[in-house]
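A structural walkthrough
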Amino acid sequence: MQPLALANTFALIDLILHPLFHLWVALSPRSYEWMMNLFVAGLRLEVTAFDTGFTHIILGAVLEATVFWALGFAAASIYNFLARAE
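To start, this report covers the structure provided alongside it. Quick caveat, the model's predicted, so the values are computed rather than measured.

Thresholds, definitions, all that
- Residues numbered from 1 in each chain as written.
- Predicted model: local features only at pLDDT ≥ 70, side-chain atom pairs only at ≥ 80, totals over all residues.
- Heavy atoms only, no water.
- Salt bridge = Lys/Arg side-chain N within 4 Å of Asp/Glu carboxyl O.
- Helix = DSSP H or I, 4+ residues; strand = E, 2+ residues; numbered from the N terminus.
- Buried < 20%, exposed > 50% of the residue type's maximum accessible area, 1.4 Å probe, protein only.
- Patch = residues over 30% accessible without salt bridge, like charges linked within 9 Å, V, L, I, M, F, W, Y side chains within 5 Å.
- Areas by Shrake-Rupley, 256 points an atom, 1.4 Å probe, with all protein chains shown as cover.
- Expected span 1.5 Å × (residues − 1).
- Contact = heavy atoms within 4.5 Å.
- Lys, Arg positive; Asp, Glu negative; His and termini not counted.

1. Digging into the pattern of salt bridges
Applying the stated criterion across every chain yields a total of one salt bridge. E33 serves as the salt-bridge partner of R30, at 2.7 Å between the closest nitrogen and oxygen. Note that R30 and E33 are positioned in helix α2 (residues 29-39) at a spacing of three residues, about one turn of the helix. For E33, a relative accessible area of 9% gives the class buried.

2. Let's talk about a nonpolar patch on the surface
On the surface, L12, I13, I16, L17, L20, F21, L23 and L27 cluster together to form a nonpolar patch covering roughly 780 Å² of accessible area. With respect to the element layout, L27 can be found in helix α1 (residues 3-27). Assessed through its relative accessible area of 68%, L27 is described here as exposed.

3. Let's talk about helix α3 (residues 54-85)
The first and last C-alpha atoms of α3 sit 47 Å apart over 32 residues, in line with the 46 Å expected at 1.5 Å per residue. Taken together, the buried positions of α3 are occupied by I57, A61, A65, G72, A76 and N80. Residues of α3 that are buried in the fold lie against α1.

4. Quick look at the side chain of D14
Tracing the chain through its elements places D14 in helix α1. R30 provides the closest opposite charge to the buried, salt-bridge-free D14, at an N-O distance of 22 Å. Beyond its immediate chain neighbours, meaning those up to four positions away, D14 contacts P19, A61, E64, A65 and F68.

Scope: geometric values only; no functional claims are made or implied.
As structure tokens, then:
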């Protein structure tokens, strides 16, 4: 498995989905809150003005994509390491 390819795929998926979720929050914040409360037991989420700020969206997307890139790279590297161990 190619670690760079998986890492880039994870980051690209995140860069596409992150703004879409923020668009959902902007268009229908109550449905987003309801869905998050439904799927995450015990979470009491409330959308605020901070969540829809442009700076928050951009910085959040870059930070989240970086984390997902690292996760994809680590997962592929660990997979390769364990596959060679057999």
